[in-house]
Amino acid sequence: MTRIIKLRGKIIEFKKMGDFIMFTNVEKGNQGLCKYCGKKLAPKEMLAHLVKCEKRDEKIYAAKKEMEGFFDILITSKEMEDYWMIIEVNEKTMLKEIDTFLREIWLGNEQCLSIFKIKNLKYKYISGGNLLYVEPEQSMYHTLKNILSVGETFDYTYGENKITEIKLMVFSHRIGRRHEEEDIVLLSRNIPPERICYKCKKNNASWVDTIIYSFDDDAFLCDECKEKVESNKLFIQMEYTENMLPIYNSPRMGIGDYEGSDFYTDEFKPDFENKERQKNKPKKVEKKTLKKFKNNQYDVYPIMKEWESEYTVSEKVESKRELPTKEAWMELYEVAERIKKFKAWEYVYEFQIISLKVKGEETIFYSILGEDEKEYGVDVYEGYDDFKTFIVNDYSEALDLPKGYVKSLKSNLACRWGNVEDLSKDQRDTIKELGFKYKGKGKWLYFTSFEKGYSPYSLDRDEVAHMTKHLKNLEIILEKFEDNIRESINMDFDELMCVEYIKDNNEWKFYIEKIPLEEYSLSNEKIKDKNKLNRLKEAPKVESVLDVDIIPLKRTINDEKYIKPITPFIYGIVDAKSGDLISSKIAEPGADVGDLLVEEIERFIDEVGRPRIIRTANELINSKLSLICENLDINLSLKKSSRVGKKFGEYMVYKKEIGNTPLN
Ligand SMILES: [Zn+2]
Ligand SMILES: [Zn+2]
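Predicted model, so just to flag it, every value in this text is computed and none were measured. (Residues numbered from 1 in each chain as written. Chains lettered and ligands numbered in written order. Predicted model: local features only at pLDDT ≥ 70, side-chain atom pairs only at ≥ 80, totals over all residues. Heavy atoms only, no water.)

For the rest of this paragraph, the subject is the overall build of the chain. In terms of regular secondary structure, the chain is built from 19 helices and 26 strands. Long-range contacts, defined here as pairs at least 24 residues apart, represent 67% of the contacts in the chain between residues at least 6 apart. When the accessible area of the chain is evaluated, it comes to approximately 32700 Å², of which 49% is carbon and sulfur surface. (Helix = DSSP H or I, 4+ residues; strand = E, 2+ residues; numbered from the N terminus. Contact = heavy atoms within 4.5 Å. Areas by Shrake-Rupley, 256 points an atom, 1.4 Å probe, with all protein chains shown as cover.)

Next up, the structure:
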């Protein structure tokens, strides 16, 4: 089955050519170029050539002298053998890293399942960043050395609804010096197949009609014909471009949301051709530079592990809080019950905001709930910063923002009339202490404080005092201006009702004004410090592609360091090429996690260089970074899904199950 030879100081075991029958059409396949000498060959010949390519032998990675083991692996699409690659992989690499490589070069970055099937075992990767992720069969954290051998053929599938199937074959194993710094090296790849336009049958196509493609391979269009098709369709339906996707050199082309690779160009060029254009090319980042960047931070795992074990509020947390007196609570409950009598929800919607301006004080914003007969209450936002969280929440659907993220940003004091099961034990105890007896649905009055980074919690002494003041003012507003509010029912979406109190002559005014939307403009982040901006601008351009994201932890954590339970944000950076989580940090409650993420990106620029591309799946982060990236000449790209959360979950599982060696 296999042969072993000794060639120029390396020991090579490889598969005999006769055994290619298992890999049927490989011989006829589309040609590709050799990374080292540029020779143009079909995959079968390429495999044989690579074993003895002299130019490959000459290339030595000087920094590592010891002998190591490497596999040459042929990868082909099962359905379309025109698409193939040959990679060299260090035998100590984990299977997961091949998965990362395949996702990055061929498959896209969707949140979906991928499976290697080797012998009769399935090695699965389940994405989603779920901390409770359970491995149904095997994880992908196995080193290749232990599971692969020369001649082995195995399968890989990617996707859940639209599956892409891939075949892999271990062609050879060599023991020798390292050619490159990377553990996975692309040695050769098919030349992009030429597609002829199905309409004019003469031009080269650059588009695929995904609807036709789902049942017919003849679905490619040239620019001209695409334009014609679209202008005809324009009269029939508005969303005419939705089914046109660019052609990429990948078996995933035209399927799902596949957007091509940010890292690998469709056309594979041999090294010497790349070198000619090296001058303007971004610098390659050495592994040790990335490692250093990664190590210049604390490890979040021990903190997370400690948090995992604490589910109950410790007394220490509770004792730090200044609790309201019974009298203070009573006053708040009384004013809230008076507010209820106005039944303001019968004439005002929750998105119709009433603001209260008093000179020298923070503007207060009120939203009255109950018009939809689902939830009755009043939300109070203190100041513009808190009100911004209402705006973001209100726009979240239009902006397609992740719901969990927006919800955990919310910052306000809430008063509700709910059902007994909506209340926390704390909130029920308060009611008992005050001697109220509520019965039935929508009768239980309770108050909650929402604060960024903290879990929703009952009010402390200060918050009760604030809320009492705000509700007393709302009572005055409803008394004085009920008619004005009723008349404002038809105000525009970008307007709010403004009540102004002028202390000097004890005068109250009511008017409609525009919500100062520019104050809430999402893309206002700039690097204001000129010196810093210049320093960052001068950083070398590197070829890194970074995925960045902010993830709310979705869990209530009791840590006695904080005054009440927290729901922290994690923010992090993934290096796209290696799939490595190079930064993950926990934001302190109340901190602006967007600012923290920007700081971390700046640290990357200082320590590593200006990345070529930054990718995110969150519109808010995208807006926040847009000016900065423009100034620093970094390509910013909004993606459909983010891998930071997945990688973070993966890292936690990895630490728990595998040990202390960092991932990758
Ligand atoms: Zn060669
Ligand atoms: Zn055409």
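Once that is clear, we can look at the coordination of the zinc ion (ligand 2). Looking at the metal site, the zinc ion (ligand 2) is ligated by C197 (SG), C200 (SG), C222 (SG) and C225 (SG), spaced 2.3 Å from it. Metal-centred angles of 98 to 119° between the 4 donor atoms at the zinc ion (ligand 2) mark the site as tetrahedral. Read in sequence order, the donor residues coordinating the zinc ion (ligand 2) give the pattern C-x2-C-x21-C-x2-C. Residue classification places C197 among the buried residues on the basis of a relative accessible area of 1%. (Donors = N, O, S within 2.8 Å, 3.2 Å for Na, K, Ca; no water. Tetrahedral: all angles 85-135°; square planar, octahedral: opposite > 155°, others 65-115°. Buried < 20%, exposed > 50% of the residue type's maximum accessible area, 1.4 Å probe, protein only.)

Moving on: the pairing of strand β21 (residues 507–514). When strand β20 (residues 495–502) meets β21, the two strands line up antiparallel, connected through 8 bridges. Its bridge partner being in β21, V499 is matched across the sheet by F510. Turn length for the β20-β21 hairpin, with the two strands adjacent in sequence and antiparallel, is 4 residues, and the turn residue N506 shows positive phi of about 50°. (Pairing = 2+ DSSP bridges.)

With that out of the way, let us pick up the pattern of salt bridges. Counted under the stated rule, the structure contains 44 salt bridges. The partner of R416 in a salt bridge is D379, and the shortest N-O contact between them spans 3.1 Å. Of this pair, R416 sits in strand β18 (residues 412–418) while D379 sits in strand β17 (residues 376–382), placing them 37 residues apart in sequence. For the pair shown, R416 and D379 are each scored as buried. Residues participating in the shared-partner salt-bridge network are E104, E259, D262, D547, R615 and K639. (Salt bridge = Lys/Arg side-chain N within 4 Å of Asp/Glu carboxyl O.)

What follows concerns the UniProt feature "coiled-coil region" (unreviewed entry) in the chain. Mapped onto this numbering, the UniProt entry annotates "coiled-coil region" (unreviewed entry) at residues 464–491. The span residues 464–491 carries 86% helix and 0% strand; its end-to-end C-alpha distance comes to 32 Å. (UniProt positions renumbered as here; feature names shortened; annotations may be inferred.)

Counting residues in each nonpolar core, the largest one holds 57 residues, and the members touching the most others are I73, I75, F101, L102 and F116. It is helix α3 (residues 95–107) that provides the largest number of residues to this core, a total of 7 residues. When near neighbours in sequence (up to four residues on either side) are disregarded, F101 contacts I75, M85, I87, I184, L186 and Y264. In this structure, W329, I354, V358 and V378 belong to the second largest nonpolar core, which totals 45 residues. (Core = buried A, V, L, I, M, F, W, Y, C linked by side-chain atoms within 4.5 Å.)

Below, the discussion takes up the sheet that holds β20. The pairing of strands in a sheet happens through backbone hydrogen bonds and is either parallel or antiparallel. Ordered by their spatial adjacency, 7 strands build an open sheet running β19-β18-β17-β16-β15-β20-β21, and the pairing between neighbours is mixed. The sheet is open, and its two borders are formed by β19 (444–450) and β21, each paired with just one other strand. Strand-to-strand, the axes of this sheet are offset by a mean angle of 20°, without reference to chain direction. In the sheet, strand β16 (residues 364–369) pairs with β17 via 6 bridges, with the strands oriented antiparallel. If you follow I368 over to β17, its bridge partner there is V378. Those strands touched by helix α11 (residues 326–341) are β17, β18 and β19, and its axis lies near 110° from that of β19. Of the strands in this sheet, β16, β17 and β20 touch helix α12 (residues 383–395), which is tilted by about 135° from β17. (Axes fitted to C-alpha atoms, helices over the stretch in contact; angles between N-to-C directions.)

The next subject is the pairing of strand β2 (residues 10–15). Of the pairings in the sheet, the one linking strand β1 (residues 2–7) to β2 comprises 6 bridges and is antiparallel in character. By the bridge assignment, T2 is partnered in β2 with K15. Turn length for the β1-β2 hairpin, with the two strands adjacent in sequence and antiparallel, is 2 residues, and the turn residue R8 shows positive phi of about 40°. For β2 and strand β10 (residues 164–176), the ladder comprises 4 bridges, and the chain directions are antiparallel.

Let us now look at helix α9 (residues 301–308). Three- or four-residue spacings in an α-helix give side chains the same orientation, since the helix completes a turn every 3.6 residues. If you check which residues of α9 are buried, you get Y301, M304 and W307. Along the axis of α9, the buried positions cluster into a sector of 125°, meaning they face one direction only. (Arc of directions from axis to C-beta.)

In this section: the environment of E560. Structurally, the position occupied by E560 is in the loop between β22 (545–552) and β23 (569–575). A C-alpha to C-alpha distance of 9.1 Å links E560 and K320, two positions 240 residues apart in sequence.

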